[in-house]
Amino acid sequence: MFFYILKRILATIPVMVIVAIFVFLLLRLTPGDPAAILAGDAATPAQLERIRDSLGLNDPLLVQFGTWMGQLLRGDLGTSLLSNTSVAGMIGDRLGPTLNIALMTIVISVALAVPMGVIAAWRHRSWVDFLVMSFSVLGFSVPVFVIGYILIQIFAIDLKWVPVQGYKSPTDGIGPFFSRAILPSLTLATIYIALIARMTRASMLEVLGEDYIRTARAKGVRENVVLFRHALRNAAVPILTIIGTGFALLISGVVVTESVFNIPGIGRLTVDAILARDYPVIQAMILLTAGIYVTVNLLIDISYSFFDPRIRY
Amino acid sequence: MEFKSKDFTDAKRVLKIRGLTVGLTGRPNADPVLRGIDLDIRAGETHCLVGESGSGKSVTSLTAMGLLPKDALEIQGGSIDLEGIEITQAKPAQMRALRARRIAMIFQEPMTALNPVLRVGEQIEEVLNMHSDLSRAEARARTIDMMEQVHLPDVERIYAAFPHQLSGGQRQRIMIAMALILDPDLLIADEPTTALDVTTQLQILKLISEMQERHGTAVLFITHDMGVVAEIADTVSVMQKGRIVESAPIRQLLTAPKEDYTRKLLQAVPNLDPRAPRAPAEARDVITVDGLEMTYGGGGFFRASQGVRAARDVNFTIQPGRTLGIVGESGSGKSTVARAIMRLIDPTAGKVTVAGTEIAKLSRRQLQPHRKHFQIVFQDPYRSLNPRWTVARSLCEGPINFGTSRADAMEHAAELMELVELPRDALDRYPHQFSGGQRQRIAIARAVAMKPDLLVADEAVSALDVSVQAQVLHLLDDVQEKFGIAMLFITHDLRVAAQICDEVLVMQKGVVVEHGPAGEVLAAPRHDYTRNLIEAAPGRLWDFANFRALDRTAPATGATL
């Protein structure tokens, strides 16, 4: 087990290095002068020279890469061209809201979707199953911003239960955080509820046909124990995979929700950076997203062996 | 041979089934699956339910357990009386309370019947948690005690083990412990030894009868294996197409069966007397295997491992028109040898010469032109044919790959259909439209379509009912005679080996322990392991086909009346 985890951690290093090389080349291999791209259309020759200097663009490519990697490893992600502040600092400020919303979304999704999927599989082809599947199709097909605006209309404007927009950190009190985070989380969650419920149902349907489920019933085990102790754990691996990829996608896919609900997270940071061609920020965001994907996948892979003792490496 | 002969008429009746009819859910006019079953089982009695696949044996047992799949099957009439409780009317909660306490069940495949992600000890203990108020410590002690009763070794370690860490026999012992821990009145055993090796089967049968004697349990034993029936049954019911056609004490059924169907079923049971060896069609070797070795695994990045030596120093030759059988239990390496010869796996060492070419070390590309010389038929005809292809396409693919024109291949395919006794229009149909036996015929036709010199049959009749098995063995014989094919026949079933092999090779743990003419190896085994295998074969002293004990001095010639 220890060797397996070690092996998996070591295996993430080449992935991250390849991503880093790609990000590095992104700027250097773009046609034209990177400095000109960075500086924008209205730059003076002096500004260009300053940028070239700060990026070390006059050095050989390998030296540039070495310098850049060295900075990366020290946590120095460069300076934003737009605000002239440290990129690491900017992301640090914005990561909290995004992560909090993402976590809340995943918790809501799993808490609702897994029981929904289990019950749909248990009562296969009944009206409950039909209801869950219908919701699932709806969750897939309605765009996120539509759901967001509908939820705002109902809960914020008509019922006035929660504020329309904005964000408060949990450190400012759980109540204010929760009232502002619940709508964006629900909005984001619809598609993941649909996805996870579907996967849970499919996986459970397969497991419920297995011989050991019949054995459990033959022992006189109660149905809820059959479902949650005997079946769900066997059905867990595909569900975990979906939750893992879902979480990673969530981090990179919060752009729309953050815009709709005016949350100062990394989604909006990315949009702003792309619109302003703020390359250092874009580079940092690609690295961060890749890092999150790799980490989540690592955790999911390791968690498989916790759910299924046959998975030993 | 000795049969059980105890009279149970005075014993307490545990299960009484009358007129039980089960049909497809929501379709009262469709053909029922069970048509008026009557069955009685008394305390201490072992009642065997025999019949071919699809006869309704398992449905009968699942109905008694109240475990019918509701959306597929439903009870349409009759009664099931378990010591005064009417099971057909029982509510789910009532039924749950009966299971494990009054009526328990063990299943065919102990690997899939146990939950792979829970420790086996916990799975036994769960029965106690569901049905009693024992404390954790008491439940655990009871579980450990029960595990000892079923003779599991090293119970503390096995308690904490997962199913995949145990052997097949150990897993079935766990199932038995689980079924009997609350001392039920009726145990239903649905083919509990079919997936096990013969020596393990013998141990499990002994264990079941030991537990039965100790607790006076009534046992409903479902099986298709007449040998097992002869060993354990007090009374037998024969099922066919949802009906019980004959019900009698064991001796009466085996010596003087009344019904035609019972006679037919018994006559299909091959006996253990080996066939007379046939002379080779030509005096040359189709295949020569020399020092074949196969080691799985080994190496490793962090920790070097030894690997598993699945086959060691295997040598044999087969001549045209002759059949060599490789027999052995699971894990003996018999299938490994078959796969290595087919080059489905790459042998670690040794030579395999087929039709004059050494193929053991050829690359995939070099091997391709030689593939047509050796063909294989697999065990499971449900999975070895592509479900989305017509029979014609499966049959023609190989010849077309080797340059036959489509028209010629189709014509040959039609001839092959005749050879395997299927109608010509079968060519346009899909595998799911055929029965298991018919599918195996198609699989044989597919192999023969390549006009091979060597046919490898890997447990090719093991998944079939005995009557179908006899027909398929017959077909293999015909094909072999017609084309002078050499055959390598892999089987765990000594009866089958006796029927079809000229020569037998016995493997144990990757090593060949005995090799010789079938007559010698099976009638006068020299190695202890071979002797154990033969002695473990249930019903080996009974000549089912002739309704009498086997006469050792004058070997029977086969199924004649």
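Given the structure is predicted, the values throughout are model-derived calculations rather than measurements. (Residues numbered from 1 in each chain as written. Chains lettered and ligands numbered in written order. Predicted model: local features only at pLDDT ≥ 70, side-chain atom pairs only at ≥ 80, totals over all residues. Heavy atoms only, no water.)

Caption draft 1: Just the sheet that holds strand β9 (residues 235–240) of chain B, in detail. Residue and element names in this part refer to chain B. Taken in spatial order, the six strands of this open sheet run β6-β7-β8-β3-β9-β10, and their pairing is mixed. The open sheet has two edge strands with one neighbour each: β6 (103–106) and β10 (243–249). Each strand axis lies, on average, 20 degrees off the axis of its neighbour in the sheet, ignoring direction. Sheet topology places strand β3 (residues 46–51) next to strand β8 (residues 218–223); five bridges connect them, and they run parallel. Opposite H47, over in β8, you have L220 as the bridge partner. Against the sheet, helix α1 (residues 57–65) makes contact with β3, β6, β7 (186–190), β8 and β9, and its axis sits at roughly 145 degrees relative to β6, the strand it touches most. Seen against the sheet, helix α8 (residues 198–215) touches β3, β6, β7 and β8 and runs at an angle of roughly 160 degrees to β8. (Pairing = 2+ DSSP bridges. Helix = DSSP H or I, 4+ residues; strand = E, 2+ residues; numbered from the N terminus. Axes fitted to C-alpha atoms, helices over the stretch in contact; angles between N-to-C directions. Contact = heavy atoms within 4.5 Å.)

Caption draft 2: Main features of the sheet that holds strand β2 (residues 34–42) of chain B. All names here are of chain B. The strand order across the open sheet formed by four strands is β2-β1-β4-β5, and the pairing between neighbours is antiparallel. Each edge of the sheet is formed by a strand with only one pairing partner; in this case those strands are β2 and β5 (85–86). The sheet contact formed by strand β1 (residues 13–24) and β2 spans seven bridges and is antiparallel. Residue pairing in the sheet places K16 in a bridge with D40 of β2.

Caption draft 3: Structural context of unusual backbone geometry. The backbone of N262 of chain A sits at a positive phi, close to 55 degrees, despite the residue not being glycine. Positionally, N262 of chain A belongs in the loop between α12 (255–261) and α13 (266–275). The partly exposed category is assigned to N262 of chain A, whose relative accessible area is 37%. Unlike most non-glycine residues, D154 of chain B shows phi in positive territory, near 50 degrees. Its location among the elements puts D154 of chain B in the loop between α5 (136–149) and α6 (155–159). (Buried < 20%, exposed > 50% of the residue type's maximum accessible area, 1.4 Å probe, protein only.)

Caption draft 4: Main features of the UniProt feature "transmembrane region" (unreviewed entry) in chain A. Residues and elements named next belong to chain A. Using the residue numbers shown here, the UniProt feature "transmembrane region" (unreviewed entry) corresponds to residues 9–27, 101–122, 134–157, 177–197, 237–261 and 281–307. In residues 134–157, helix accounts for 92% and strand for 0%; the two terminal C-alpha atoms are 27 Å from one another. Taken end to end, residues 177–197 is 100% helix and 0% strand, and its two terminal C-alpha atoms sit 27 Å from one another. (UniProt positions renumbered as here; feature names shortened; annotations may be inferred.)

Caption draft 5: Looking closely at the pattern of salt bridges. Residues and elements named next belong to chain B. All chains considered together, the criterion is met by 30 salt bridges over all chains. A salt bridge links D346 to R343, with the nearest nitrogen and oxygen atoms 3.0 Å apart. Accessibility expressed as a relative area gives 47% for D346, which makes it partly exposed. E418 is the salt-bridge partner of R424, the closest N and O atoms lying 3.7 Å from each other. Here the salt bridges share partners, and the residues they tie into one network are K12, E83, R102 and D185. (Salt bridge = Lys/Arg side-chain N within 4 Å of Asp/Glu carboxyl O.)

Caption draft 6: Layout of the packing of helix α1 (residues 2–28) of chain A against helix α4 (residues 61–73) of chain A. Residue and element names in this part refer to chain A. Two numbers describe how α1 lies on α4: the axes approach to 11 Å, and their chain directions differ by 125 degrees. When the interaxial angle is binned, α1 and α4 end up oblique. α1 and α4 meet at a crossing whose hand is right-handed. Contacts from A20, I21, V23, F24 and R28 of α1 reach α4 at L61, Q64, F65, W68, M69 and L72. Split into classes, the residues belonging to the contact of α1 with α4 amount to nine nonpolar, one polar and one charged. (Parallel < 35°, antiparallel > 145°, perpendicular 65-115°, else oblique. Left-handed = near helix turned anticlockwise from the far one by under 90°. Nonpolar A, V, L, I, M, F, W, Y, C, P; charged D, E, K, R; others polar.)

Caption draft 7: Examining the UniProt feature "domain: ABC transporter" (unreviewed entry) in chain B more closely. Summarizing the sequence annotation, UniProt attributes the feature "domain: ABC transporter" (unreviewed entry) to residues 17–266 and 287–534 of chain B in the numbering used throughout. From the first C-alpha to the last, residues 17–266 of chain B spans 26 Å; its make-up is 41% helix and 25% strand.

Caption draft 8: Just the side chain of D543 of chain B, in detail. Residues and elements named next belong to chain B. Checked against the element boundaries, D543 lands in strand β21 (residues 542–543). As a buried residue without a salt bridge, D543 has its nearest oppositely charged side chain in R548, at a separation of 4.2 Å. Of note is the side chain of D543, whose polar atom sits 2.7 Å from the side chain of N546. (Lys, Arg positive; Asp, Glu negative; His and termini not counted. Polar contact = N/O pair within 3.5 Å; in protein donor to acceptor, adjacent residues only side chain to side chain.)

Caption draft 9: Quick look at the interface of chain B and chain A. With 29 residues of chain B in contact, the opposing surface of chain A contributes 24 residues. Salt-bridge contacts for E126 of chain B lead to K219 of chain A; the nearest nitrogen and oxygen are separated by 2.9 Å. Where chain B touches chain A, the interface holds eleven residue pairs in polar contact (both at pLDDT 80 or more). Those elements that place two or more of their residues in the side of chain B that touches chain A are α1, α3 (110–113), α4 (120–131) and α7 (168–180) of chain B.

Caption draft 10: Structural view of helix α12 (residues 334–342) of chain B. Residue and element names in this part refer to chain B. Burial analysis of α12 places seven of its nine residues in the buried class, the great majority of the element. Turning to α12, its buried residues number three or more, namely K334, T336, V337, A338, A340, I341 and M342. Trailing α12 by a residue or two, R343 shows a phi angle of about 60 degrees, which is positive.

Caption draft 11: Fine view of the packing of aromatic side chains. Residue and element names in this part refer to chain A. Overall, the coordinates contain seven aromatic pairs over all chains when judged by the stated rule. Seen in terms of ring centroids, F24 and F65 are 4.9 Å apart; in terms of plane orientation they differ by 70 degrees. Their pairing is edge-to-face. Residue F24 is located in helix α1, and its partner F65 is located in helix α4; the two are separated by 41 residues in the primary sequence. Residue F24 shares its accessibility class with F65, and that shared class is buried. Where F155 meets W161, the ring centres are 5.6 Å apart and the plane angle is 45 degrees; that geometry is what we call tilted. With relative accessibility at 25%, the residue F155 sits in the partly exposed group. Ring pairs connect the aromatic residues F24, F65 and W68, which therefore count as one cluster. Across from the ring centre of W122, 3.9 Å away, lies the NZ or CZ of R123, which sits over that ring. (Phe/Tyr/Trp six-rings, centres within 6.5 Å; stacked < 30°, edge-to-face > 60°. Lys NZ or Arg CZ within 6 Å of the ring centre and 35° of its normal.)

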